[in-house]
Amino acid sequence: MEKQSKKATSVFSIKKATIKGNETLFTDKILNNDIDKEYIIIIAPQKYQHGDQWNSIKGAAKNMRNLWRNNAGENGKFMFVHQGIRRVKMNQEFGFNWTVLIYSFGYTEAQLNKTKEAFQKFAPDCNFIKIADYTEAVNYINTKNKSKTNDDNKLRVKQAIERVFIYCHGFVGKLAMGLTNISTGDTDLDWDENVVNKLNQNAFSNTAKIYSFSCKTGLGNKRIEDLNNINEEIVYSDNAEGGVSFSPLPVPPLSKSYRKTITLPLLGEKSLAQKFANKTGAMVYAYCSRSDYEDTLNTSDELDFFDYFEAGEKGKKPIRNNKSYEYLLDKKNRKDTDIIRHKELIAIRNRRLIIDGGALDLEGARYPVKGGTTPVGVPSDMKTYIKQK
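Given the structure is predicted, the values throughout are model-derived calculations rather than measurements.

The rules behind each value
Residues numbered from 1 in each chain as written. Predicted model: local features only at pLDDT ≥ 70, side-chain atom pairs only at ≥ 80, totals over all residues. Heavy atoms only, no water. Helix = DSSP H or I, 4+ residues; strand = E, 2+ residues; numbered from the N terminus. Buried < 20%, exposed > 50% of the residue type's maximum accessible area, 1.4 Å probe, protein only. Contact = heavy atoms within 4.5 Å. Axes fitted to C-alpha atoms, helices over the stretch in contact; angles between N-to-C directions. Parallel < 35°, antiparallel > 145°, perpendicular 65-115°, else oblique. Left-handed = near helix turned anticlockwise from the far one by under 90°. Nonpolar A, V, L, I, M, F, W, Y, C, P; charged D, E, K, R; others polar. Phe/Tyr/Trp six-rings, centres within 6.5 Å; stacked < 30°, edge-to-face > 60°. Lys NZ or Arg CZ within 6 Å of the ring centre and 35° of its normal. Pairing = 2+ DSSP bridges. Expected span 1.5 Å × (residues − 1). Arc of directions from axis to C-beta. Core = buried A, V, L, I, M, F, W, Y, C linked by side-chain atoms within 4.5 Å. Polar contact = N/O pair within 3.5 Å; in protein donor to acceptor, adjacent residues only side chain to side chain.

Visitor: Explanation requested: the overall build of the chain in the structure shown.
Guide: Of regular secondary structure, the chain possesses nine helices and 18 strands. In the chain, buried positions account for 48% of the 389 residues. A separation threshold of at least 6 residues defines the contact pool for the chain, and within that pool the share at least 24 residues apart is 73%.

Set out below in structure tokens:
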């Protein structure tokens with residue numbers, strides 16, 4: 001029997017459906033509780049090893065192993081998956097029509113099956129779809145069928161897209177779905193302007209919003225890709241009035257030279273986020289900076305605390321460096337709250353499943369994605385992009 005269509009009239013702020021921290025940025029974003037609309041989560045492959053464990057022999061050995069295997073580390077393997085689960089979990093009481101589009105590349109069948117189980121724990125009717133490339137993703141967005149290329153407006157009249165949440169790697173002008181340890185992307189997987197232009201605006205509701213949690217989707221200046229947007233360049237005075245010119249010559253002209261700080265423009269109007277907005281009519285939220293998934297499972301402070309507590313238990317030297325927790329090395333100094341905190345972190349760690357080398361927490365991410373600190377000088381908060389007239 002076909003599910004009866006109905007609408008709920010209540011609305012809620014995404015702030016109420018998420019946890020404290022970075023996501024307070026979304027206080028003015030309203031999600032309509034409308035079951036005739038679709039909420040899509042796009043999850044990229046994760047085969048990229050972040051080099052953050054070189055401070056110990058054990059950590060360096062793990063990094064080398066993952067680089068050699070061309071895969072992500074144990075705790076990083078499911079970082080996109082974890083954030084997607086968190087999104088659904090924090091909104092589970094509203095019964096939205098969730099669809100998860102997950103790239104099968106880079107995940108084993110066992111990993112995909114457990115991921116589906118995790119999503120359906122919080123959204124039993126969640127539509128879980130494995131996709132092979134961007135074409136299948138675009139097909140589904142336009143037609144609700146990953147194998148169908150022709151537009152069918154009747155399908156999306158019945159159920160337009162209200163939200164899209166994208167979790168992936170990225171560069172200026174590209175959602176780098178195919179990023180690995182040995183490749184910066186894959187033309188069959190990645191989203192660039194040409195892919196965005198394949199999207200059909202008729203698939204989106206008039207109140208649709210797209211959130212990109214990749215690096216630099218909102219940045220349009222490729223000169224800032226891996227550099228700072230605050231640079232120094234040599235300039236030369238050309239006249240007595242102090243006029244200057246930028247010299248491309250390797251040998252300076254016969255005039256006085258000095259250094260001047262140059263701030264590069266972000267060029268948001270040329271960004272992929274703006275192209276999404278122009279093509280779909282949706283309001284788009286994206287980072288100009290790197291997006292930081294570091295806190296997905298644990299904060300740095302939690303890891304420091306745990307490391308010092310465990311070192312004190314075993315009479316060893318801690319691997320991490322945080323002087324504020326040196327007192328934990330002596331068991332006599334520990335407070336009751338420290339013991340409770342350690343037990344809680346142990347329980348959280350023990351609930352994680354190791355599936356084909358990746359640590360999956362069926363409860364999802366404990367903390368949200370946040371804006372990164374690089375490139376230096378680039379804003380770290382999410383920026384808003386609307387269709388240009």
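There is more to say, and it comes next.
Visitor: What's the story with the packing of helix α2 (residues 79-89) against helix α3 (residues 109-122) in this structure? I'm lost.
Guide: Packed helices, taken two at a time, are described by the angle their axes make and the gap between the axes. Interaxial distance between α2 and α3 falls to 8 Å at its minimum, and their mutual angle equals 15 degrees. In terms of their interaxial angle, α2 and α3 are classed as roughly parallel. The interaxial crossing formed by α2 with α3 has right-handed handedness. Packed against α2, whose contacting residues are V81, G84, I85, V88 and K89, the element α3 presents T115, A118, F119 and F122 at the interface. Taken together, the residues that form the contact of α2 with α3 break down as six nonpolar, two polar and one charged.

Visitor: What's the story with unusual backbone geometry in this structure? I'm lost.
Guide: Where the residue is not glycine, phi is negative for most of them; where a peptide bond is considered, it is trans in most cases. Backbone torsion omega between T374 and P375 reads -10 degrees, so that peptide bond is classified as cis. Looking at where P375 falls in the secondary structure, it is placed in the loop between β17 (370-371) and β18 (383-385). The residue K216 is not glycine, and still its phi comes out positive at about 65 degrees. The class for K216 is buried, based on a relative accessible area of 5%.

Visitor: Please clarify how the packing of aromatic side chains should be interpreted in this entry.
Guide: Each aromatic ring pair is described using two quantities: the centre-to-centre distance and the angle formed by the ring planes. Summed over the entire model, instances satisfying the criterion amount to 15 aromatic pairs. Look at F96 and W98: their rings are 6.1 Å apart centre to centre, the planes differ by 75 degrees, and that puts the pair in the edge-to-face class. The exposure classification of F96 matches that of W98, with both residues buried. Sitting over the ring of Y107, K77 keeps its end group 5.1 Å from the ring centre. Sitting over the ring of F309, R334 keeps its end group 3.8 Å from the ring centre.

Visitor: What is the right way to read the pairing of strand β6 (residues 161-167) from this model?
Guide: Both faces of the sheet carry side chains from a regular strand, because those side chains alternate between them. With seven of seven residues buried, β6 lies mostly within the body of the structure. Direction of pairing for strand β3 (residues 38-43) relative to β6: parallel, over a ladder of six bridges. Opposite I41, over in β6, you have F165 as the bridge partner. Bridging between β6 and strand β9 (residues 204-212) involves five bridges; their strand directions are parallel. By the bridge assignment for β9, R163 is matched with K209.

Visitor: What is the right way to look at α3 in this model?
Guide: Because each turn of an α-helix spans 3.6 residues, side chains separated by three or four positions in sequence point in the same direction. With 14 residues, α3 should cover 20 Å at 1.5 Å per step; its first-to-last C-alpha distance of 21 Å lies within 8% of that length. Turning to α3, its buried residues number three or more, namely Q111, L112, T115, A118, F119 and F122. Across the axial projection of α3, the buried residues extend over an arc of 120 degrees, all falling on one side. Looking at the packing, one finds that the buried side of α3 touches β3, α2, β4 (97-103), β5 (127-131), β15 (353-355) and β16 (358-360).

Visitor: Would you mind showing me how to read the nonpolar core here?
Guide: Nonpolar side chains tend toward joint burial in soluble globular proteins. Counting 76 residues, the largest nonpolar core has F119, M177, W191 and F276 as its most contacted members. Apart from the residues lying within four places of it in its own chain, the contact partners of F119 are I41, I43, V81, G84, I85, V88, V100, C126 and F128. One finds F305, Y308, F309 and L345 within the second-largest nonpolar core, a separate group that totals eight residues.

Visitor: Where do I start with helix α4 (residues 134-143) in this structure?
Guide: Here α4 lies mainly inside the structure; nine of its 10 residues are buried. Residues of α4 that are buried include every one of Y134, E136, A137, V138, N139, Y140, I141, N142 and T143, and no others. In this structure D133 caps α4, since a side-chain oxygen of it lies 3.2 Å from the backbone nitrogen of T135. Taken from the residues just after α4, K144 is the one with a positive phi, measuring 65 degrees.

Visitor: Looking at this model, I keep getting lost on the packing of helix α8 (residues 300-314) against helix α9 (residues 336-350). Mind explaining?
Guide: Interaxial distance between α8 and α9 falls to 11 Å at its minimum, and their mutual angle equals 105 degrees. With respect to α9, the element α8 is oriented roughly perpendicular. Contacts between α8 and α9 involve D301, E302, F305, F306, F309 and E310 from the first element and D338, I339, R341, H342, L345, I346 and R349 from the second. Grouping the amino acids of the contact of α8 with α9 by side-chain chemistry returns six nonpolar, one polar and six charged.

Visitor: Got a minute to help me understand the pairing of strand β13 (residues 283-286) in this structure?
Guide: In this structure, β9 lies alongside β13, joined through three bridges in parallel fashion. Along β13, the bridge assignment pairs K209 with M283. For β13 and β18, the ladder comprises three bridges, and the chain directions are antiparallel. Looking across to β18, one finds that A286 is bridged to K383.

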